[in-house]
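# Descriptive structure summary
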2 protein chains.
Amino acid sequence: MSGKSARAAQSQRALMGVRDLIISGEIRAGSRLSELALVERLGISRTPLRAALAQLGQEGLVEAIPSGGYAVRSFSREDVIDAIELRGVLEGLALRLAAERGVAPARMGELVRLLDGIDEALRGDVEDMDFDRYVDLNATFHEKLWGLASQTIRREIERVTSLPFASPSAFLDKQAGVLEFRRSLYGAQAQHRAMVSAIALREGTRAEALAREHARLARQNLEFVLDQDRSLIRRVPALSLVVG
Amino acid sequence: MSGKSARAAQSQRALMGVRDLIISGEIRAGSRLSELALVERLGISRTPLRAALAQLGQEGLVEAIPSGGYAVRSFSREDVIDAIELRGVLEGLALRLAAERGVAPARMGELVRLLDGIDEALRGDVEDMDFDRYVDLNATFHEKLWGLASQTIRREIERVTSLPFASPSAFLDKQAGVLEFRRSLYGAQAQHRAMVSAIALREGTRAEALAREHARLARQNLEFVLDQDRSLIRRVPALSLVVG
DNA sequence: TAAATACAAGTTGTATACATTTTACAAGCC
DNA sequence: GGCTTGTAAAATGTATACAACTTGTATTTA
């Protein structure tokens, strides 16, 4: 990609490959991961594969079996809700500390510009809106926003967000028509504006509360989907690991 | 130990060995970790060593160098404070969710019994008190307390706590005489009681606030030590990685 | 003299061979 | 008939050999 050398190319391939196999549902939750089978399937050797499995274990997508090896982790409803709450708390902390310590005007301007771009992408009819551009800009905005925090906190946010269902964008799919995403999107935009404003005014406590509320909305959406019948749930690949 | 088989013995040895070398200060912050040197020093092969380095990278104790390999991470004052704050919000979340969902009386009783044991260990004169027993019971209490949360949250708490300076116990050393630990210990005990009480009464918000305050105390202690001259700082091995 | 380049040594990433453990299956025993 | 035990196969953990890249140094050239 950017500055990343092609040094650890195989490890990256292994990581993405296994993650895709799990999220897409090709390997079911709870089933054991055979190293030899994965090696054959991904066309790499065992060493980088094992590195990838170890990292996925740290991320929480797979779990180590006491007797050896790994299995795809399955998530209960409680696990899923906790991951969302976790994200809210972490993002809240990131914003509170950023607000307390202050943020350079240049970075604030960057955030506002991104929000303007998102508004622009959302403009127009539902059918005509630039959905892909929205998703892209939204992701960039979040990166920059949590990027205001220190490395220590950013790392945790990224880790939690790597769980497939922890990110709200996992439920935004125009084609699949999952959720009434229009209202959800506008609501999220309003919250984004409020968060940036709170940081600019250096109101740390308010910024933190807003971030939590932001996650709360995501939690409600998630619980709504989980309460539906399986046909709706199946439209969200991120939920293939959730049992019950 | 308990049910853990000796299957991954070398990996465990590598993990503990490297961690000790870093925390003890034998390998300085910022310096590069040579795999061959570590292999020779620890008497293992490169494969389990690399697994250990990867995990330490996830924990945040070492960081990957873009051109390859790892270096011991150095922590700024901000990093250290953020880790404490992080611990506070994570533990707060754990307690809030536990209080909201309720905890079985048996587990609550277990916690109270541990607190009684800690009180007993603290009884008597400063010189006579059973310091080791206090440290042991205190660790068990914290394990049980955060154990009330789901696996997802517990994992994060354990990860953050693994940073050498993130745990308050890193600053409790009777021999070294770091901090006026007596007052600190009694204060922590009072907070522990209040947290357990809040959970029992199912007051989630209060439990969360108490956990945060608990971490706040740790942050104050930490900042106090950091503001002292190097001679005091050197008495706390956990701070060998902190620059400035 | 300073900069650039080529070369060499050292280091990491990858692949694979080996050893130990787990596990499944079948035969034997109570 | 059910349980235990022994053996074989399979899978994981470990060690090491190999290859590619990085980096420091020395030599050459402008």
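If you're wondering where the values come from, they're calculated on a predicted model, not measured in any experiment.

We now examine the nonpolar core. One finds Leu95, Leu145, Phe165 and Leu239 of chain A together with Leu145, Phe165 and Leu239 of chain B to be the most contacted residues of the largest nonpolar core, which totals 149 residues. With residues near it in sequence (within four places) discarded, leucine 95 of chain A still touches Leu145, Trp146, Met195, Ile199, Ala207 and Ala211 of chain A.

All right, on to the sheet that holds strand β3 (residues 70-72) of chain A then. Residue and element names in this part refer to chain A. In space, the three strands of this open sheet follow the order β1-β3-β2, with antiparallel pairing throughout. The open sheet has two edge strands, β1 (32-33) and β2 (62-64), and neither has a second partner. Sheet topology places β2 next to β3; three bridges connect them, and they run antiparallel. Bridge pairing in β3 links glutamate 63 to alanine 71. Docked against the sheet, helix α3 (residues 46-59) engages β1, β2 and β3, running at close to 100° with respect to β2.

Next up on the list: the packing of helix α1 (residues 9-23) of chain B against helix α2 (residues 35-42) of chain B. Residue and element names in this part refer to chain B. Contact geometry for α1 and α2: axes closest at 11 Å, N-to-C directions at 105°. Relative to α2, α1 is oriented roughly perpendicular. Residues Arg13, Ala14, Gly17, Val18 and Leu21 of α1 form the contact with α2, whose own contacting residues are Leu38, Arg41 and Leu42.

Looking now at the sheet that holds strand β3 (residues 70-72) of chain B. Residues and elements named next belong to chain B. Strands sit in the order β1-β3-β2 across an open sheet of three strands; the sheet is antiparallel. Across the chains shown, the open sheet's two edge strands, defined by having one partner strand only, are β1 (32-33) and β2 (62-64). The sheet strands contacting helix α3 (residues 46-59) are β1, β2 and β3, and the helix crosses β2 at an angle near 100°.

Tallying each qualifying case throughout the model produces 42 salt bridges over all chains. Among the ionic pairs, glutamate 78 of chain A bridges to arginine 101 of chain B, the shortest N-O distance being 3.4 Å. Note that glutamate 78 of chain A is positioned in helix α4 (residues 77-101) and arginine 101 of chain B in helix α4 (residues 77-101), a pairing that runs across two chains. The class for glutamate 78 of chain A is partly exposed, based on a relative accessible area of 37%. Residues glutamate 110 of chain B and lysine 144 of chain B are paired through a salt bridge, measuring 3.5 Å at the closest nitrogen-oxygen approach.

Because the α-helix completes a turn every 3.6 residues, residues three or four places apart line up on one side. Its 24 residues place the ends of helix α9 (residues 204-227) of chain A 35 Å apart at the C-alpha level, agreeing with the 34 Å of an ideal helix rising 1.5 Å per residue. For α9 of chain A, the full list of buried residues reads Gly204, Ala207, Glu208, Leu210, Ala211, His214, Ala215, Ala218, Arg219, Leu222, Val225 and Leu226 of chain A.

For the rest of this paragraph, the subject is the relation of the copies chain A and chain B. When chain A is fitted onto chain B, the two copies agree to an RMSD of 0.1 Å after a turn of 180° and an axial shift of 0.0 Å. The two molecules are tied by a two-fold rotation axis, judged by turn and shift. Most of the interface of chain A is mirrored in chain B, where 100% of its interface residues again form contacts.

What follows concerns the UniProt feature "domain: HTH gntR-type" (unreviewed entry) in chain A. Under the present numbering, the feature "domain: HTH gntR-type" (unreviewed entry) in UniProt falls on residues 8-75 of chain A. The distance from the first to the last C-alpha atom of residues 8-75 of chain A is 30 Å, and the span holds 54% helix and 12% strand.

Conventions used here
Residues numbered from 1 in each chain as written. Chains lettered and ligands numbered in written order. Predicted model: local features only at pLDDT ≥ 70, side-chain atom pairs only at ≥ 80, totals over all residues. Heavy atoms only, no water. Core = buried A, V, L, I, M, F, W, Y, C linked by side-chain atoms within 4.5 Å. Buried < 20%, exposed > 50% of the residue type's maximum accessible area, 1.4 Å probe, protein only. Contact = heavy atoms within 4.5 Å. Pairing = 2+ DSSP bridges. Helix = DSSP H or I, 4+ residues; strand = E, 2+ residues; numbered from the N terminus. Axes fitted to C-alpha atoms, helices over the stretch in contact; angles between N-to-C directions. Parallel < 35°, antiparallel > 145°, perpendicular 65-115°, else oblique. Salt bridge = Lys/Arg side-chain N within 4 Å of Asp/Glu carboxyl O. Expected span 1.5 Å × (residues − 1). Least-squares fit on C-alpha atoms with pLDDT ≥ 70 in both. UniProt positions renumbered as here; feature names shortened; annotations may be inferred.

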